[in-house]
Amino acid sequence: MEPQPNVYRKMLAAAISSMLLEQGYDSVEREALGTLTEMMQAFITETASLSKNYCELAGRVEPVIADVILGFVEMGFNFNSLESYYRTVKHSAVLPPLQQQQSQKQLSMLAAGSKQPLPSHIPQHLPQFPDPHAYVRTPTHKQPVIDYESVREKAAIQKRDMEKALTKFLAKTSQTHNLFDTDEANIFPLIACKPVYPPYLSALLPQDQIFDPEDLDFDPKSQIIQQQKNHDRAKKKIKAEIKTEPGEEVEQEVDHNESKNSEDNQGGLIDNPYLAATKMPGVMEIS
Amino acid sequence: MKKERTGDNCRPFKLAHQIVSLTGISFERKSIIGFVELTVVPLRDNLRMVKLNAKQCRIYRVSLNDHYEAHFQYFDPFLDVCQSDTDTRSLDAFSSHHLAAALKVDPDNSSGELVVTIPPEAAHLVAEGTALRVGIEFSLEQSEGGIHFVVPPKEGSYAERGVHLFTYGHQNSSRLWFPCVDSFAETCTWKLEFTVEDELTAISNGDLNEVVYTPDMRRKTFHYSLNVPTCAPNISLAVGPFEIFVDPYMHEVTHFCLPSLLPLLKVTTRYMHEAFEFYEETLSNRYPYSCYKQVFVDETHEDYRSYATMSILSVNLLHSAVIIDQVYITRKAMAQAIAEQFFGCFISMQNWSDVWLNKGISQYLCGLYCKKSFGNNEYRELIQSTLQDVVKYEEEFGGIVLDPSQPPAPLPVGGNAPQPNQKHCEEKFYFPTRNLHTMSPMYIDTLLKKALLVMRMLEHRIGQELLLQVFNKQLSLATNAAQQKIGSGLWGHMLISTNVFTKAIFTVTGKDMAVFIDQWVRTGGHAKFHLTSVFNRKRNTIELEIRQDATTSLGIRKYVGPLLVTLQELDGTFKHNLQIENTVVKADITCHSKSRRNKKKKIPLCTGEEVDMDLTSMDDSPVLWMRLDPEMTLLRSVVIEQPDYQWQYQLRHERDVTAQMEAIVALERYPTPQTRLALTDTIENEQCYYKVRCRAAHCLTKVANAMVSNWAGPPAMLAIFRKFFGSFAAPHIIRQNNFQNFQHYYLQKNIPLAMAGLRNTHGICPPEVIRFLLDLFKYNDNSKNRHSDNYYRASLVEALGQTITPVVSVVAQGTPITAESLSADTKLILEEITRLLNLEKALPCYKYTVSVACLDAIRKLQKFGHLPSRPTLFKSYAVYGHFIDVRLAALECLVDFVKVDGKWDDLQYVLDILENDPDPGLKHKLANLLIKHPPFKRAHRGKLDIPELVERLWTNINCMLSHDSRLRCDLVDLYYTLYGTKRPVCIPLLELAGIIDLGKYEPAAKRPKLATIPKRAASPPAPVKEVPQQVVMETVEYVDLEVVAGEEKVEKEEEVMDIKVESPVLQKQDYFSDNSVSLPGMGQSGPVGFEPGMFKKDGEKHKTDSSGKIKKKKKDKKKHKHKHKHKHEHKHGKDKEKKEKDPNKLRLKEETLSSMSSTPSPNGMSLGSTETI
């Protein structure tokens, strides 16, 4: 495939063509034009390169007109003839205006965030910054709305929708009662009730909410008692320290009680007839 | 009569020991085969008959000392209460028959259903003080009462199905499941054995000695022994696949529950040991038994029932730790059951009429425990509401006599002897109050409440410490007696009676309480005071007037004695003890403080605190408020008249919750901005008792509705609610639920409910309130809560129901109601209700509280015309197999439906449930619902007032409910509510009875088992009364016999006489009522409408007494009727007894209910096997 013709070269070719027209040619062969363009390009490049050299030689970064003149001189051209050429020959053709270069449009669907404008030290012609997510951060979702009211609102609606969907489904898939006499369009269907045996189980073991196991076993009183006990114990200890002799006894007593309690609580030795093993029929006869 | 006849000495024998052995317990056939052996010690050498109690048992054999076979007879008068009287449909007549029937089998009347005759060949076994063993083999098939088999119709093992059984009964009803002496006064030691299948546990009274496998290893026998003398009504049994939980604090205590409920059981019984400790400490006496068992079973007769060493409680008392409301009820029930272990089980009573003592003491103790654990406010509120209940019942039905066994001692001073008044008091109920099995359950409930109040009054009279010492003494005596053998004769100490108790008080305290007992225990009724006051500015006195106007009205009597009046003045609280001697007492009380409106000074209250008050609204009088008998030391109702600002001060500043409650009730009548402010401040006051705050909210509803025309601002309480429960950022959105603060929890439940009662000028609920309620539903969020919100949600649904007002009919009358014709608000409400009800199917909440509220709301929508009124929905929820609360709610709706626009079919549906439902507790509650919402008003000629209903109810009370006296008495209540005590109007007169067949309704079709009830057999439905054949069996001795022939005639003659005697009385009555100034609406006794039986009576009188007074007031007639009844009571009874013994009829019965089969006993040997104890 033919490579995209260079824009500058295209312009150069246009300039050569207009010059040829000035000289009186009507047409030009493609090869001739190409050669002329090539020559012209080589000439300009050479001139520019020489000018740059002179400029650098003079310790500058940007060439001035004198550098260009020196470049021409170096090339063996009379710089002054350029002016006369410009004045004498009537230039009929001008270069076509440069086509507005359409910058490659970003696909809008991929746009995320607003692009940052170029800072002042960067020339405006340079390409714009890419989308911020490409180099600053990448937000994967919208920032949540965190004001209380809408959160509650949303949660409420969500919960209700869920419940509605569930009840609607259940009502559609099972028998229903109708509150109205007409059969058509039961807008308020009631799911028919079915007896469940034993009825107390579902009532006493509700399923409408799931509680933490600690809630289900929560015993505020025992906590208070525990705190008090600790408190009392601490107090007793202080007292015992103050009164040396009777204090020891107290503490011993306390310890004794405690050990007894803990033993009881372990439940290893509960003497309850309902926990005892069933006797064999023979045993009774013996006893 | 030196020695009075009491429950413990009326029998010619004593019971020493009893063995109960149930071997064949079958859940499939719901039957039991068993054996009992009573060791009887005759008190006479010539004892020829042993009368025992047994009901619905089939008795195979009665043996004496294992060797002799004894003849026996069995009869149950409750199978046909009015034997000879086939046509009477009046409660007046039924009442006397009912009592006679009850007395005929009352063990305390030395009678029983089962009469064992000692054969002559065994006569030598009988000797005074020598033990005689009476063994009885029996079986129980398809029992209808006394023992309840719960067998859910489901597949699976016993444990999976939750199959179990337990015994229950109304008062003394142990006879329903084993033969015994069913008296509270007959105590003995027990040996109990139950053989059950391997996976089941049998729980009974006393110590479990051992559990032994049967030889085939498939069943096991539980051996219990109870060495503390105990009466038969306190014996019980529960069998089932129970989970066993030994109390971690007290290893003697064991809890049992049905499978998969163990976690709930652990939570529920967590603090039970505290009740034990409390009682032991309070009574300074140890728990009298060696063990205690709590069994939670389904379908109970009542919430709890205490038996010796065990109590049977409803499974519905169980709750998890996230439930709030149920905890109070459950703890109280358990504490009450334990208190009854001391008084009720360990200490029994001498007569049933002493029931008030045991119940009163145990409730009093339980009250003390509640005071300790729930607080003084709760306790005072309980006492106040109990007092109100008693007052309400007494004013409706008549004064309750706690102990009717003995009349109060006549007053020593002559004066206007209240004796005739007394007579009047005694028998004015429509049911006999002389036997436990004939009394209305409502009456018994109220009696027990009154017992608590009287016990508390005693506490005030002699002091708590001394009263507890009296209890302690009773317990110590009983403990001592319990360790003795029967020979010591000390077992009587285990029985309590009014006399024994009075004596005990005297010995302990030195105070003679006989007058108190006469006044409050042996006399019925309560006092009613009316207090008015005028301030005398010149003398700076307040002139009080206390009137007792209504002393002649029902249930109210005159009070004479001291009365405390408390005046709160500017300078403090001052108590004044006034002596009440007359119906009008005036007292001038000098005020301690001068009126000083402008001085700023703190005002001291009765508690000693000093508070600032805004005194601007005060009048000249320095009295801020007045109270009468503030400590509730009397049985009284009080009407105090004081201006509204005084009530407002009382509400704001009086510290006593009962005073605050009274103020709230009074303020309903003063809808002013000041009242509004006082109520609002009360609701917001965090220091205030939560029930007062809730009550204030409901009162504010009424005040706001009365002020609706000039009410400014948002609906009442909206701001308060938002302030308490609105979220911080958005006050219109309720916070996430957090029920840690119980006061707030109850407020949060009650304020929406109160707001739902608000109405705008159009009489409808303001739309913003409805929106507010719907928002509460929407934003309800319980996810972060530690407690369940099911009760809260239920109260929101209830609130939605409250907003409903009668439909404003847009569509023309008669067009069917469709979903489209609903108003927008109604649609929203209905949507909410249906959603919640449907959600409960998938995610049920605790006890289905939301479903219950939804059903109620739907009924309300129907009732107010928003929905077509249909019973189908409720019928499907009322079916057996739903949770009992749901069923009850559905039944309530059904009963309401029947009342409003029910047909006979619907009523029949309800009655079918009432008769046939498997759950005995539900039947009782259903009966109560019917009584509360009767299908039609008496004497209003309702659609359902038809003879079929009369017949159906009558058949039930007359012969269908021998096994459940509570339900029978419930139905008597219902009958009374519908027809009064006279013959129902819809039943044609006797003269016409030949035309319309009275026996149309045949219950035989329903229960073929009872098809051969003697009544039907004996008397064809004919108007001619047959004089029954008198055949008296020789075996039964009855003291006096009268000729009963020509009974009808005698009756009529006496009627004539009565009328003549009565006429002067009538005039007196008129004179009396003219003279006394009574409040409007009080003491109205004239007939208001047509009364059932009115015409009939008149007709009779015309016939019999040509010169008789035609115009007679209903009251007098009633009186006359009573007298009449008394005279005949005896005769009727005898008549029936004779009939009872008619051999033909007995045989009829034998086929169905009992067996008289006495296979001739072959054994006439072994004579010397008597034992001496």
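From a predicted model like this one, the values you see are computed outputs, not experimental measurements.

(A) Geometry of the overall build of chain A. Each helix and strand counted, chain A has 11 helices and two strands in total. Of the regular secondary structure in chain A, the N- to C-terminal order runs α-α-α-α-α-α-β-β-α-α-α-α-α. Taking as baseline every contact in chain A between residues at least 6 positions apart, the subset at least 24 positions apart corresponds to 27%. Summed over all atoms, the accessible surface of chain A reaches about 23200 Å², with 57% contributed by carbon and sulfur.

(B) Spotlight on the overall build of chain B. Within chain B, the secondary structure is distributed over 33 helices and 32 strands. Considering only contacts in chain B between residues 6 or more positions apart, those separated by 24 or more positions represent 73%. Total accessible area on chain B is roughly 45000 Å²; 54% of this is exposed by carbon and sulfur atoms.

(C) Main features of the pairing of strand 25 (residues 561-569) of chain B. All names here are of chain B. The element strand 25 is extensively covered by neighbouring structure, given that seven of its nine residues are classed as buried. Two strands pair when backbone bridges link them, and strand 25 and strand 26 (residues 572-580) are joined in this way by nine bridges, in the antiparallel orientation. When the bridges of strand 26 are listed, Thr566 appears paired with Lys575. The antiparallel pairing of strand 25 with strand 26 creates a hairpin that spans two residues between the two strands. Of the pairings in the sheet, the one linking strand 25 to strand 30 (residues 623-628) comprises five bridges and is antiparallel in character. Bridged to Leu567 within strand 30 is Met626.

(D) Structural context of the sheet that holds strand 23 (residues 527-536) of chain B. Residue and element names in this part refer to chain B. If you walk across this open sheet you meet the four strands as 27-24-23-31, and the pairing is mixed. Across the chains shown, the open sheet's two edge strands, defined by having one partner strand only, are strand 27 (584-590) and strand 31 (636-640). When the angles between neighbouring strand axes are averaged without regard to direction, this sheet yields 20°. Note: strand 23 against strand 31, five bridges, orientation parallel. Following the sheet pairing, Ala527 is matched in strand 31 by Arg636.

(E) Inspection of the pairing of strand 4 (residues 58-64) of chain B at higher detail. All names here are of chain B. Alignment of strand 4 against strand 8 (residues 130-141), held across six bridges, turns out to be antiparallel. Bridging across to strand 8, Leu64 finds its partner in Val134. Two elements, strand 4 and strand 5 (residues 68-69), share two bridges in a ladder whose sense is antiparallel. Pairing of Ser63 across the sheet is with Glu69, part of strand 5.

(F) Just the side chain of Ser21 of chain B, in detail. Examined against the element boundaries, Ser21 of chain B turns out to sit in strand 1 (residues 13-26). Aside from chain neighbours lying at most four places away, what touches Ser21 of chain B is Ile33, Gly34, Phe35 and Glu193 of chain B.

(G) Summary view of the packing of aromatic side chains. Residue and element names in this part refer to chain A. What the rule picks out here adds up to 52 aromatic pairs over all chains. Plain terms: the ring middles of Phe43 and Phe72 are 6.0 Å apart, the flat faces sit at 55° to each other, and that makes the pair tilted. A residue pair is termed long-range when its members are at least 10 positions apart, and Phe43 in helix 2 (residues 30-57) and Phe72 in helix 3 (residues 65-75) qualify at 29 residues. On the basis of relative accessibility, which here comes to 12%, the residue Phe72 falls in the buried class.

(H) The arrangement of the sheet that holds strand 7 (residues 114-117) of chain B in detail. All names here are of chain B. Spatial strand order, 3-7-6: three strands in an open sheet with antiparallel pairing. One side of each edge strand has no neighbouring strand; the edge strands of this open sheet are strand 3 (49-52) and strand 6 (71-74). Strand-to-strand twist across the sheet, computed as the mean angle between neighbouring axes with direction ignored, equals 20°.

(I) Structural view of the UniProt feature "domain: Peptidase M1 membrane alanine aminopeptidase" (unreviewed entry) in chain B. UniProt annotation of "domain: Peptidase M1 membrane alanine aminopeptidase" (unreviewed entry) refers to residues 273-383 of chain B when read in the numbering used here. Structurally, residues 273-383 of chain B is divided into 51% helix and 15% strand, and its ends, taken at the C-alpha atoms, are 25 Å apart.

(J) Region of interest: the interface of chain A and chain B. Taken residue by residue, the interface counts 62 residues in chain A and 98 residues in chain B. The contact between chain A and chain B buries some 7000 Å² in all, and 63% of this surface belongs to carbon and sulfur atoms. The interface formed by chain A and chain B includes 28 residue pairs in polar contact (both at pLDDT 80 or more). Contributing elements (two or more residues each) for the side of chain A that touches chain B: helix 6 (148-173), strand 2 (190-191), helix 7 (199-204), helix 8 (213-216), helix 9 (220-242), helix 10 (244-266) and helix 11 (281-286) of chain A.

(K) Up close: the packing of helix 16 (residues 690-706) of chain B against helix 18 (residues 742-756) of chain B. All names here are of chain B. At a minimum axis distance of 9 Å, the contact between helix 16 and helix 18 shows a crossing angle of 10°. By the angle class used here, helix 16 and helix 18 are roughly parallel. Between helix 16 and helix 18, the residues in contact are Tyr690, Arg693, Cys694, Ala697, His698 and Thr701 and Gln743, Tyr746, Leu747, Asn750, Leu753, Ala754 and Met755, respectively. Classifying every residue of the contact of helix 16 with helix 18 gives eight nonpolar, four polar and one charged.

(L) Up close: a nonpolar patch on the surface. Residue and element names in this part refer to chain A. On the surface, Val28, Leu36 and Met39 cluster together to form a nonpolar patch covering roughly 240 Å² of accessible area. Relative to the helices and strands, Met39 resides in helix 2. In this structure Met39 comes out as exposed when scored by relative accessible area, which is 53%.

(M) Region of interest: the nonpolar core. All names here are of chain B. If you look at the biggest cluster of nonpolar residues, it comprises 340 residues, and the most contacted ones within it are Phe178, Tyr279, Trp356, Phe471, Phe501 and Met717. Broken down by element, the residue count for this core peaks at 12 residues, all from helix 9 (residues 441-462). Each residue touching Met717, except ones within four places of it in the same chain, is listed here: Ile683, Ala697, Leu700, Thr701, Ile751, Ala754 and Met755. If you look at the next biggest cluster of nonpolar residues, it comprises 11 residues, including Leu570, Ile603, Trp625 and Tyr649.

(N) Molecular detail of the packing of helix 7 (residues 376-397) of chain B against helix 9 of chain B. Residues and elements named next belong to chain B. Between helix 7 and helix 9, the least distance of the axes is 9 Å, while the angle of their chain directions is 130°. Classified by the angle between their axes, helix 7 and helix 9 sit oblique to one another. Seen from above, helix 7 lies across helix 9 with left-handed handedness. Of the residues in helix 9, those touching helix 7 at Tyr379, Ile383, Thr386, Leu387, Asp389, Val390, Tyr393, Glu394 and Phe397 are Met442, Tyr443, Thr446, Lys449, Lys450, Leu452, Leu453 and Arg456. Residues belonging to the contact of helix 7 with helix 9 are distributed by class as follows: 10 nonpolar, two polar and five charged.

(O) Spatial organisation of the pattern of salt bridges. Throughout the structure, instances matching the rule amount to 54 salt bridges over all chains. One salt bridge in this structure joins Glu210 of chain B and Lys279 of chain A, with 2.8 Å as the shortest N-O distance. With Glu210 of chain B in strand 13 (residues 207-213) and Lys279 of chain A in the loop between helix 10 and helix 11, the pair connects residues from two separate chains. The buried category is assigned to Glu210 of chain B, whose relative accessible area is 17%. Its relative accessible area of 31% is what places Lys279 of chain A among the partly exposed residues.

(P) Quick peek at the confidence of the model for chain A. Residues and elements named next belong to chain A. The pLDDT averaged across chain A works out to 76; a share of 71% of its residues lies at or above 70. Model confidence for chain A, summarised as mean pLDDT per element, is weakest for helix 10 at 43 and strongest for helix 2 at 91. Across residues 244-267, confidence stays below pLDDT 50; counting only partners more than four residues off in sequence or on other chains, it has nine contacts. Considering only residues more than four positions removed or in separate chains, one finds that residues 283-287, a stretch of pLDDT under 50, has three contacts.

Here is what the cut-offs are and how they apply
Per chain, the residues get numbers from 1 upward, laid out in the order the sequence is written. Following the order in which they are written, the chains are lettered starting with A and the ligands numbered starting with 1. Local features are withheld for residues below a pLDDT of 70 in this predicted model, meaning they are given only at 70 or higher, and side-chain atom pairs are given and counted only at 80 or more; totals for whole chains, interfaces and linings count all residues. Side-chain calculation: all heavy atoms of the structure are included, whereas hydrogens and water are not. Put simply, DSSP marks the helices as runs of H or I at least four residues long and the strands as runs of E at least two long, and each gets a number from the N terminus on. Should any heavy atoms of two residues lie within 4.5 Å, those residues are counted as being in contact. Residue burial considers only the protein chains on display, and all accessible areas are found by Shrake-Rupley using a 1.4 Å probe. Burial classes: relative accessible area under 20% of the type maximum marks a residue as buried, over 50% as exposed, and values in between as partly exposed (1.4 Å probe, protein chains only). Pairing between strands is defined by DSSP: at least two bridges between the two strands are required. The axes are straight lines fitted to the C-alpha atoms, using for helices just the contacting stretch, and the angles between their N-to-C directions are given from 0 to 180°. Ring geometry is summarised as follows: Phe, Tyr and Trp rings, the Trp one being its six-membered ring, pair when their centres sit within 6.5 Å, and such pairs are stacked at plane angles under 30 degrees, edge-to-face over 60 and tilted between the two. UniProt positions are given in the numbering used here, feature names are shortened, and annotations may be inferred rather than shown by experiment. Buried area: the accessible area, evaluated with a 1.4 Å probe, that two parts lose upon being put together, summed over both parts. The definition of a polar contact used here is a pair of N or O atoms within 3.5 Å, where within protein one atom must be able to donate a hydrogen and the other to accept one, and adjacent residues in sequence count solely through side-chain atom pairs. Between 65 and 115 degrees an angle is taken as roughly perpendicular, under 35 as roughly parallel, over 145 as roughly antiparallel, and anywhere else as oblique. Basically, the charged four are Asp, Glu, Lys and Arg, the nonpolar ten are Ala, Val, Leu, Ile, Met, Phe, Trp, Tyr, Cys and Pro, and anything else, Gly included, counts as polar. Residues forming no salt bridge and having over 30% relative accessible area are the ones grouped into patches, like charges within 9 Å of each other and nonpolar side chains (Val, Leu, Ile, Met, Phe, Trp, Tyr) within 5 Å. The salt bridge criterion pairs a side-chain nitrogen of Lys or Arg with a carboxyl oxygen of Asp or Glu, the two atoms within 4 Å. In plain words, nonpolar cores are sets of buried Ala, Val, Leu, Ile, Met, Phe, Trp, Tyr and Cys residues tied together by side-chain atoms within 4.5 Å. Helix crossings fall into two classes, left-handed where the near helix is turned counterclockwise from the far one by less than a right angle and right-handed where it is turned clockwise. Every residue is assigned a pLDDT by the predictor, reflecting its confidence on a scale from 0 to 100.

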